[in-house]
Amino acid sequence: MQSAHTGCSPRPRKPCSGSKIGAGADREDALTEQRILGVVLAGGRSSRFGSDKAMAVLDGRMLAEHARTLLLPHVHSALIAGRDGAVPDLPSGDIGPLGGIAGALGYAASRGFTSVLTIACDMPWLPDGLLTALSRRASAYCPDVPVLGHWETGSLGNLLTHIETVPRRSVRGWAEAIGAIPIPAGAPIPNVNTPQDLDIL
């Protein structure tokens, strides 16, 4: 189980979810009761960015690696999906974030994880305590950026049916359909769509 956190931004104005909140016995107890896989969703086209933004560099590290580091204190292990085909989207590619979440759930279920904590590849920092709050509940999601969520692996079948039957493939729509708990961010979350967005982080 990963416990160290090294991804906090040195800039004081930017909160980091790897803070002291959730550390200690409470977090350890929560992690022993469930096996959480952390997954950075990095399979998007990055069309507005002009290149693969998951590999864009901020403070000497790829954006996707910043996001993965944020997950580590809250999960048993974390990986970056969409980079090498090891975690393919389900039921097929080009479905968007829901396909990435479905792929992550399928991968996690086959390896004995009880749930998946997902984050987008362009989130190098998050408000204090947000990931801690999400990691304590499944299924739960952040309504400000619904791709940031904690999903039970048992919900995979429901998600695949949702993808096949609901024309609008919205993460928020699926989260609401399964009664996932909304946990607001409480502060702005970065959204990197262009190189200019990255420059101002």
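In what follows, the structure referred to is the one given above.
Student: Is there a simple way to think about the packing of helix H3 (residues 97-109) against helix H5 (residues 156-165) in this case?
Tutor: Each pair of packed helices can be described by the angle between their axes along with the distance between the axes. Two elements in contact, H3 and H5, have axes whose closest approach is 10 Å; the angle formed by their N-to-C orientations is 150 degrees. The angle between H3 and H5 falls in the class roughly antiparallel. Judged by the twist between their axes, the crossing of H3 over H5 is left-handed. Here H3 contributes Leu 98, Gly 99, Ile 101, Ala 102, Leu 105 and Gly 106 to the contact with H5, which in turn contributes Leu 156, Leu 159, Leu 160, His 162 and Ile 163. A per-class count over the contact of H3 with H5 returns eight nonpolar, three polar and no charged.

Student: Can you walk me through the sheet that holds strand E4 (residues 77-81) in this structure?
Tutor: Remark on secondary structure: sheet strands pair via backbone hydrogen bonds, oriented parallel or antiparallel. Ordered by their spatial adjacency, six strands build an open sheet running E4-E1-E5-E7-E6-E8, and the pairing between neighbours is mixed. For this open sheet the edge positions go to E4 and strand E8 (181-182), each flanked by a neighbour on one side alone. On top of the sheet, H3 reaches strand E1 (36-41), E4, strand E5 (115-120) and strand E7 (149-152); it is set at about 150 degrees to E1, its chief contact.

Student: I tried to follow the nonpolar core on my own but got confused; where do I start?
Tutor: Buried together is how nonpolar side chains tend to be arranged in soluble globular proteins. Membership of the largest hydrophobic core comes to 52 residues, with the highest contact counts inside it found for Ile 119, Leu 148 and Trp 151. The element best represented in this core is H3, accounting for six residues.

Student: For this particular structure, what's the right way to read helix H2 (residues 63-71)?
Tutor: Quick reminder: α-helices carry 3.6 residues per turn. Residues three or four places apart thus point the same way. Burial analysis of H2 places seven of its nine residues in the buried class, the great majority of the element. Where H2 is concerned, the buried positions are Leu 63, Ala 64, His 66, Ala 67, Thr 69, Leu 70 and Leu 71.

Student: Before we go on, may I ask you to explain unusual backbone geometry in this structure?
Tutor: Peptide bonds are, in most cases, trans, and in most cases residues other than glycine have a negative phi. The omega torsion of the bond from Leu 90 to Pro 91 falls at -5 degrees, within 30 degrees of zero and hence cis. Along the chain, Pro 91 falls in the loop between E4 and H3. For the bond from Ala 138 to Ser 139, the omega torsion is 5 degrees, close enough to zero to count as cis. For Ser 139, the location among the structural elements is in the loop between helix H4 (130-135) and strand E6 (140-141). Its identity is not glycine, yet Asp 94 carries a phi of approximately 60 degrees, on the positive side. Inspection of the secondary structure assignment puts Asp 94 in the loop between E4 and H3.

Student: Which parts of the structure should I look at to understand the packing of aromatic side chains?
Tutor: The relative placement of two aromatic rings is captured by the distance of their centres and the angle of their planes. Taken as a whole and assessed by the stated rule, the structure comprises one aromatic pair. Pairing Trp 151 with Trp 174 gives two aromatic rings, centres 5.0 Å apart and planes at 40 degrees, and the pair type is tilted. Pair noted here: Trp 151 is in strand E7 and Trp 174 is in helix H6 (residues 171-177), with a separation of 23 residues, a long-range link. Under the relative-accessibility criterion, Trp 174 is labelled buried at 0%.

Definitions and limits used
Residues numbered from 1 in each chain as written. Predicted model: local features only at pLDDT ≥ 70, side-chain atom pairs only at ≥ 80, totals over all residues. Heavy atoms only, no water. Axes fitted to C-alpha atoms, helices over the stretch in contact; angles between N-to-C directions. Helix = DSSP H or I, 4+ residues; strand = E, 2+ residues; numbered from the N terminus. Parallel < 35°, antiparallel > 145°, perpendicular 65-115°, else oblique. Left-handed = near helix turned anticlockwise from the far one by under 90°. Contact = heavy atoms within 4.5 Å. Nonpolar A, V, L, I, M, F, W, Y, C, P; charged D, E, K, R; others polar. Pairing = 2+ DSSP bridges. Core = buried A, V, L, I, M, F, W, Y, C linked by side-chain atoms within 4.5 Å. Buried < 20%, exposed > 50% of the residue type's maximum accessible area, 1.4 Å probe, protein only. Phe/Tyr/Trp six-rings, centres within 6.5 Å; stacked < 30°, edge-to-face > 60°.

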